[in-house]
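Topology and contacts: notes
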2 protein chains.
Amino acid sequence: MKQFLGLMLLLLAANIQAQSDTETLRTIYTTSLTNGKSYEWLDYLSNQIGGRLSGSLNAEKAVQYTKEELEKLGLDKVWLQPVMVPKWVRGTKEYAFIESNTGVTTTVNICALGGSIATPFGGIKAPVIEVQDFDELKAMGKEKVSGKIVFFNRPMQADLIQTFEAYGGCVNQRYSGAMEAGKLGAVGVIVRSMNLRLDDLPHTGSMSYGDLPNSQRIPSAAISTNDAEKLSSMLALDKNLKFFFNQTCQQLKEVQSYNVIGEITGSEYPNEYIIVGGHLDSWDLGDGSHDDGAGCVQSMDVLRLLKESGIKPKRSIRVVLFMNEENGLRGATKYAEVAKQKGENHIFSLESDAGGFTPRGFSFDCSDAVFNKIESWKSLFKPYLIHYFEQGGSGADVGPLKTETNVCAGLRPDSQRYFDHHHAANDTFEHVNKRELELGAATMTSLVYLIDKYGISPISNNEKIKD
Amino acid sequence: MKQFLGLMLLLLAANIQAQSDTETLRTIYTTSLTNGKSYEWLDYLSNQIGGRLSGSLNAEKAVQYTKEELEKLGLDKVWLQPVMVPKWVRGTKEYAFIESNTGVTTTVNICALGGSIATPFGGIKAPVIEVQDFDELKAMGKEKVSGKIVFFNRPMQADLIQTFEAYGGCVNQRYSGAMEAGKLGAVGVIVRSMNLRLDDLPHTGSMSYGDLPNSQRIPSAAISTNDAEKLSSMLALDKNLKFFFNQTCQQLKEVQSYNVIGEITGSEYPNEYIIVGGHLDSWDLGDGSHDDGAGCVQSMDVLRLLKESGIKPKRSIRVVLFMNEENGLRGATKYAEVAKQKGENHIFSLESDAGGFTPRGFSFDCSDAVFNKIESWKSLFKPYLIHYFEQGGSGADVGPLKTETNVCAGLRPDSQRYFDHHHAANDTFEHVNKRELELGAATMTSLVYLIDKYGISPISNNEKIKD
């Protein structure tokens, strides 16, 4: 059976030059679904390595592993691009409880936010004020906020269909909550986890103090959505309850790390670059399967699927596994700097960083004319239920590459379950479905194939797709 | 917060008559996502009742529970429609092993197929022949097949994008395998589970002996995909290995059961019926959350969401929870018979029976002219990422209602993970995502709203949708 399949794929691949685009996409999807490597790679990255926080031993293991795997693919070049990254460490497991005015304590689930300072040795206990947003906080002023723990409890909006919009509407609490509360003399910040479900898992993520002086920097943690509801209910009954939390996280010195890059050099336009990527670092609570192990292995498989499908690109195709998206974006910044220095003409940069769920389409950061050209390929994707081609954002790692001529894009998988797992202990391998992951890899490969074949300059009549 | 939300929904609902269709759909989706009941109902059906095989105590509990819940909604009518159903029982847990020619035994995971007879008392042990399909079986003939256990091992085709097509390509092994093998004198049948994943769970499902005489009827069981691979590998090394299995299932006498029906009577055309439904029975290994608890609670919520959104239908809208889809279709047959007897004019029948996953659209069994009319509403669904409007099959339970004038349709959710759970012990509540379920309910409600408002006769100019 397997031999027959191998032979069939070989025949399909040998015949690629004579194929229509319809047939080529069929070959790409079939190869991914019957002979993909993305799931096997993700298994290793998730279960043999695990969470890959920037600067950690695991992050370096992931760099070595993915480099070695790319080297096995027979690409034209594989290399590591050095970059210094921040090294924040969580320390011992965080601990928190609510203490009622009668002294009864209720343990709750928290985790330090990435970049936060530790609590004072032994933890901190203080009264709590609950707010929905910065306006409400500022209206309270120093007098009411000083000495308190500020509890940001604005939930993600359930009626938004695209969950990333719901995330966008709340994440300022997590990112800047400690900065805003610190300015007003608060002693700590607790943020409702960015999660649309009610469950017991706290969700970490980056936060920043901006240029706040050290004296105003306060520890900041996420609380699970169930415990956020509990704290809010208890506060409604007892304004004087106290909250205790202890965390020992710290920011260490920067360390050396790497972007991992592989390339198939273009046969006609070697200095026109199309890149596909994800970020190799992840948060530390889970194993980073959806965020963004999935995007990494899909991007690796794009180059492999092109080769397996017998496609010889005219332009140079690179996979870039960016380091440090989560808490610094150093890898992306470095990659864009070096590309600029070398005068590399990046024409298309695609990121997969929205989970390994069923792909629905892409979001393109480009001009109307280019979008119209790309959208004219949409019908080729219909058999694969890919329907979402919209102008909009792309991805954090490809953002720094954006120029007048470089089109940036992001894969858009189904987003309904993404924030159930995002930055939490349940972002783990068993929550990624093999077929969904492979469909994503095939969808990315198909777009890269079309971009390579037809370029991105606005459509002209002699560039009609081969139906 | 909740009070504010309630007030907002009330205001939205009060204003429904003045709303455009765009606004009405927004109201429906918002209501489902912020104030839906489908998930709560499914929790009860799955976790307080559980698997609901026709004729079982649980099936009757589910009839009573859903009737009571419908009665709480203030519908115009709620009733039970009696129907006799087959009662097949699994008996004690099945047991199976592979025995090598050196006498070493390897336990494997099997389950009896629904409708199968038991093995002879104490189980049966016989040599195995592996086949891919009925042609291969028939080519072997009586001489080779007689006295053997036939192992049907054709896998679901991974390169088909729509997993129901992959299922359709394999399910004849399960349904008719024992009949075909029994004709050739086989003593038992083992069928590879209808599952695209490799895992340890056997998947049950219905099978039939057709009109085969009792003397030729042989026991039939499903084996997990991992164990199917194992058995196949071991057979390649040792053609003389033996397979043992024991199952004590039996077909009892038919028993009384019910379809559960609720109705909002139409204000203008009370004898034009639009129905939404799912099937209340399920297999017994899991709790039937995806198949088809999800479809039942979504259908129940369609009537509730119409009411909550302030929509007063012109036509009669019914929810029908069909009994016995899995092994007899008796409920669906009865419902269609009674509707015909009473001369009820069913104009649209929608079933949700493909899991509680993110909805992608609908499949319509109707004429081109009607399809064109319905498809003209597609743009209204774009904000909800509903893109799949295709002509094709509908659902098993609404099938018997199909006439020249009745349009049948099926909700089409994302299908990638459906067969990971289908008819297996992991078809359980925790695998249903609340938002995905609620989006399905809203999508069904929106279509029912439009069908009720515009009817299904082919489009005329004065029936333009209100953008």
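Values in this document were obtained by computation on a predicted structure and should not be read as measured data.

So, about the relation of the copies chain A and chain B. Each copy of the sequence occupies a distinct position, and chain A is placed on chain B by a rotation of 180° and an axial shift of 0.0 Å, giving an RMSD of 0.0 Å. Taken together, these values place the two copies in the relation of a two-fold axis. Judged by C-alpha distance, A:His387 is the residue of chain A that lies nearest the rotation axis, at 3.5 Å. Looking at chain A, 100% of its interface residues are interface residues in chain B too, so the copies touch through the same face.

All names here are of chain A. Partitioning chain A into structural domains gives domain 1 (15-87 + 253-463) and domain 2 (91-248). Here the C-alpha centre of domain 2 lies 34 Å away from the C-alpha centre of domain 1. Taken together, the 17 residues of domain 1 in the interface contact 20 residues of domain 2. For the domain 1 and domain 2 pair, buried surface summed over both sides reaches about 1,400 Å², with 63% attributable to carbon and sulfur atoms. The largest share of the area that domain 1 buries against domain 2 comes from Trp-283, Phe-419 and Asp-420, three residues that together contribute 38% of it. The interface formed by domain 1 and domain 2 contains zero salt bridges. A per-element tally of the side of domain 1 that touches domain 2 places helix 12 (residues 418-421) first, with four residues.

Residues and elements named next belong to chain A. The geometry of helix 2 (residues 21-35) relative to helix 13 (residues 434-454) is characterised by a closest axis approach of 8 Å and an angle of 145° between their N-to-C directions. As for the relative orientation of helix 2 and helix 13, their crossing is right-handed in sense. Partitioning the contact of helix 2 with helix 13 into residue classes produces ten nonpolar, five polar and five charged.

All names here are of chain A. Its place among the elements puts Glu-94 in the loop between strand 1 (77-89) and strand 2 (95-99). The exposure class of Glu-94 is buried, given its relative accessible area of 8%. One polar contact links Glu-94 to Arg-90, side chain to side chain, over a distance of 2.7 Å. Excluding its chain neighbours within four sequence positions, the residues that come into contact with Glu-94 are Ile-110, Cys-111, Ala-112, Asn-246 and Gln-247.

Conventions and cut-offs
- Residues numbered from 1 in each chain as written.
- Chains lettered and ligands numbered in written order.
- Predicted model: local features only at pLDDT ≥ 70, side-chain atom pairs only at ≥ 80, totals over all residues.
- Heavy atoms only, no water.
- Least-squares fit on C-alpha atoms with pLDDT ≥ 70 in both.
- Contact = heavy atoms within 4.5 Å.
- Domains from an automatic or database assignment.
- Buried area = accessible area lost by both parts, 1.4 Å probe.
- Salt bridge = Lys/Arg side-chain N within 4 Å of Asp/Glu carboxyl O.
- Helix = DSSP H or I, 4+ residues; strand = E, 2+ residues; numbered from the N terminus.
- Axes fitted to C-alpha atoms, helices over the stretch in contact; angles between N-to-C directions.
- Left-handed = near helix turned anticlockwise from the far one by under 90°.
- Nonpolar A, V, L, I, M, F, W, Y, C, P; charged D, E, K, R; others polar.
- Buried < 20%, exposed > 50% of the residue type's maximum accessible area, 1.4 Å probe, protein only.
- Polar contact = N/O pair within 3.5 Å; in protein donor to acceptor, adjacent residues only side chain to side chain.

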